[in-house]
Amino acid sequence: MSELCNRLKRLVEQVDVIRGRLDLPQKQARVQALEQESISPDFWNDQQAAQKKMQELSVLREQVELWEGLYRRAQDALELCEMAEVDEDPGLLEELEREATALEEDFEKHQFALALSGKHDADSAILSIHAGAGGTEAQDWAQMLLRMYLRWAEKRGYKTTITDMTEGEEAGIKSVTVEVEGPYAYGYLKAEKGTHRLVRLSPFDASNRRHTSFAKVEVMPVLDEDIDIEIDPKDIEIEVFLSGGAGGQNVQKNATAVRIRHLPTGIVVTCQNERSQTQNRESAMRVLRGKLYELEQERLAEEKARLKGENVQADFGTQIRSYVLHPYQMVKDLRTNVETGNTTAVLDGEIDPFIEAWLKQQVGVEALEN
């Protein structure tokens, strides 16, 4: 079989994997049920419910038509390719070459869009960075990561607001929380959850020895108020205190900073960068709601893995990426094996290749590509 037919055969297999993961027959059945329901005389009696169902119908119908249509196009092209080889028709093969390229481009585009179709992927994000053990070394690494993400967000046109930051004693930061506002901020940044490892010659070591530092990155969606995350007032303790400042006239004279402790889980969130106690409390509650949402998603992932009998680590604390600055220059993602020797560009915010590779992997096609 020619290389062209092999390309088309591979594409048919890849699209079929997506069709299976999306469970298109079930979605098609839901489309038919919603279509039948929408022609009922009393369908629009509840306007809000009807609009939600029509929106669901539109999304499902578009998804089914898109992937079934792409599958049929790829299959038809493959059959024509096999016929053209037998008939030795160079004109048809040339036309099929153009169709194969168009199909591959469409697949790439729709595959990536599918990777950003999660429930909260289109939302803004809350990013937290926590220095690991290692004192000043780890705290400096946490600050380097903060700079990397701020640069990345700036290049995408996202607005960033640091809502809480605890500085290190000598250098760097112990922890920081940043709100990243913009379309699909959470969808992209969720790829960054986990532990990031740095290997370098220490600028804080008089002997200039090599050190390994760790920092943990957490990412949560900024949830709408109507998202059902129950927080019983009896389950939280709220403490107010003076915000930290640089001294002089900028020192806060009123207690505006807010710390909230969620008693059932032990989660503690702090916000001190807003001007008023009310604003800090609202920001802290947004972070708490996001953390509780992520905790529930983690629990569901662990339960799903257990039921499927998989030996899967579902926690977000696992090491995901290694940044080596000495004895050689390399940044490597341990989940996708994507790597680059341009460490300067990565630390300046060029992290899209790592994010995009991880997102595509979630769709389930990587097994066929390896």
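The rules we used
- Residues numbered from 1 in each chain as written.
- Predicted model: local features only at pLDDT ≥ 70, side-chain atom pairs only at ≥ 80, totals over all residues.
- Heavy atoms only, no water.
- Pairing = 2+ DSSP bridges.
- Helix = DSSP H or I, 4+ residues; strand = E, 2+ residues; numbered from the N terminus.
- Contact = heavy atoms within 4.5 Å.
- Axes fitted to C-alpha atoms, helices over the stretch in contact; angles between N-to-C directions.
- Buried < 20%, exposed > 50% of the residue type's maximum accessible area, 1.4 Å probe, protein only.
- Core = buried A, V, L, I, M, F, W, Y, C linked by side-chain atoms within 4.5 Å.
- Salt bridge = Lys/Arg side-chain N within 4 Å of Asp/Glu carboxyl O.
- Parallel < 35°, antiparallel > 145°, perpendicular 65-115°, else oblique.
- Left-handed = near helix turned anticlockwise from the far one by under 90°.
- Nonpolar A, V, L, I, M, F, W, Y, C, P; charged D, E, K, R; others polar.

Student: So what exactly am I meant to see when it comes to the sheet that holds strand β2 (residues 159-167) here?
Tutor: Neighbouring strands of a sheet are bound in pairs by backbone hydrogen bonds; such pairs are parallel or else antiparallel. Spatial ordering of the open sheet is given by β2-β3-β1-β5-β4-β9-β10-β11, a layout of eight strands whose pairing is mixed. Each of the sheet's edge strands pairs with one partner strand only, and the pair in question is β2 and β11 (339-340). Here two bridges tie strand β10 (residues 330-333) to β11, and the two strands are oriented antiparallel to one another. Bridged to V331 within β11 is T340. Its contacts with the sheet put helix α5 (residues 136-156) on β1 (125-131), β2, β3 (173-181), β4 (194-201), β5 (210-221) and β9 (319-324), and the angle it makes with β5 is roughly 45°.

Student: Quick question: what am I supposed to make of the environment of I231 here?
Tutor: By the element assignment, I231 lies in the loop between β5 and β6 (236-241). Using a relative accessible area of 17% as the deciding quantity, one classes I231 as buried. Taking C-alpha positions, I231 is 9.5 Å from M285, a pair spaced 54 residues apart along the chain.

Student: Which parts of the structure should I look at to understand the nonpolar core?
Tutor: The nonpolar side chains of soluble globular proteins are, as a tendency, buried together. With 62 residues, the main nonpolar core has W67, I129, L145, Y149 and Y323 as its most contacted residues. Discounting chain neighbours no more than four positions away, the residues touching Y149 are L127, I129, L189, E192, H196, V217 and I351. In terms of nonpolar packing, the next biggest core, distinct from the first, is built from 17 residues, L223, I267, C271 and L292 among them.

Student: Before we go on, may I ask you to explain the pattern of salt bridges in this structure?
Tutor: Opposite charge on two side chains permits them to pair, given that their charged atoms come into close proximity. All told, the structure shown has 30 salt bridges when counted by the stated rule. In this structure, E108 and K360 form a salt bridge, with 2.3 Å as the shortest nitrogen-oxygen distance. In this pair, E108 is assigned in helix α4 (residues 90-115) and K360 in helix α9 (residues 352-363), connecting sequence segments 252 residues apart. Classification of E108 by relative accessible area gives partly exposed; the value is 34%.

Student: Quick question: what am I supposed to make of unusual backbone geometry here?
Tutor: Peptide bonds are mostly trans, and most non-glycine residues show a negative phi. The omega angle of the peptide bond from H326 to P327 is 10°, so this bond is cis rather than trans. Within the element layout of this structure, P327 appears in the loop between β9 and β10. The phi dihedral of D23 falls on the positive side, at around 50°, and the residue is not glycine. Residue position: D23 is located in the loop between α1 (3-22) and α2 (24-38). Judged by its relative accessible area of 34%, D23 falls in the partly exposed class. With a phi close to 65°, N337 is a non-glycine residue in the positive phi region. Here N337 lies in the loop between β10 and β11.

Student: Looking at this structure, how should I read the pairing of β2?
Tutor: The side chains of a regular strand alternate between both faces of the sheet. Bridging between β2 and β3 involves eight bridges; their strand directions are antiparallel. Residue T160 lies in a different strand from β3, and its bridge partner there is V180. Taking the residues between adjacent antiparallel strands as the criterion, β2 and β3 are bridged by five residues, where G172 takes a positive phi near 75°.

Student: Got a minute to help me understand the environment of Y323 in this structure?
Tutor: Looking at the element boundaries, Y323 is found in strand β9. Sequence spacing of Y323 and E339 is 16 residues, and the spatial spacing of their C-alpha atoms is 9.7 Å. Residues contacting Y323, with those up to four places away along its chain left out, are W141, L145, M148, H196, R197, L198, V199, M330, V331, V346 and L347.

Student: Please clarify how the sheet that holds strand β7 (residues 257-262) should be interpreted in this entry.
Tutor: With antiparallel pairing, three strands are arranged side by side in an open sheet as β6-β7-β8. One side of each edge strand has no neighbouring strand; the edge strands of this open sheet are β6 and β8 (267-271). For this sheet the average axis-to-axis angle between neighbouring strands, irrespective of direction, equals 15°. Summarising the sheet, β7 and β8 pair through five bridges and their orientation is antiparallel. Counterpart to R259 in the pairing with β8 is T270.

Student: Explain the side chain of T270 here, please?
Tutor: Inspection of the secondary structure assignment puts T270 in strand β8. Among all residues touching T270, those that are not within four sequence positions of it are D164, F241, V258 and R259.

Student: How should I be thinking about the packing of α1 against helix α3 (residues 47-87) in this particular structure?
Tutor: Packed helix pairs are characterised by how far apart their axes lie and by the angle those axes make with each other. Here α1 crosses α3 at 155°, and the two axes come no closer than 9 Å. Overall, the two elements α1 and α3 adopt an arrangement that is roughly antiparallel. The two elements α1 and α3 cross, and the hand of that crossing is left-handed. Contacts between α1 and α3 pair L4, C5, L8, K9, L11, V12, V15, D16, I18, R19 and L22 from the former with Q63, W67, E68, L70, Y71, A74, Q75, A77, L78, C81, E82 and E85 from the latter. Split into classes, the residues belonging to the contact of α1 with α3 amount to 15 nonpolar, two polar and six charged.

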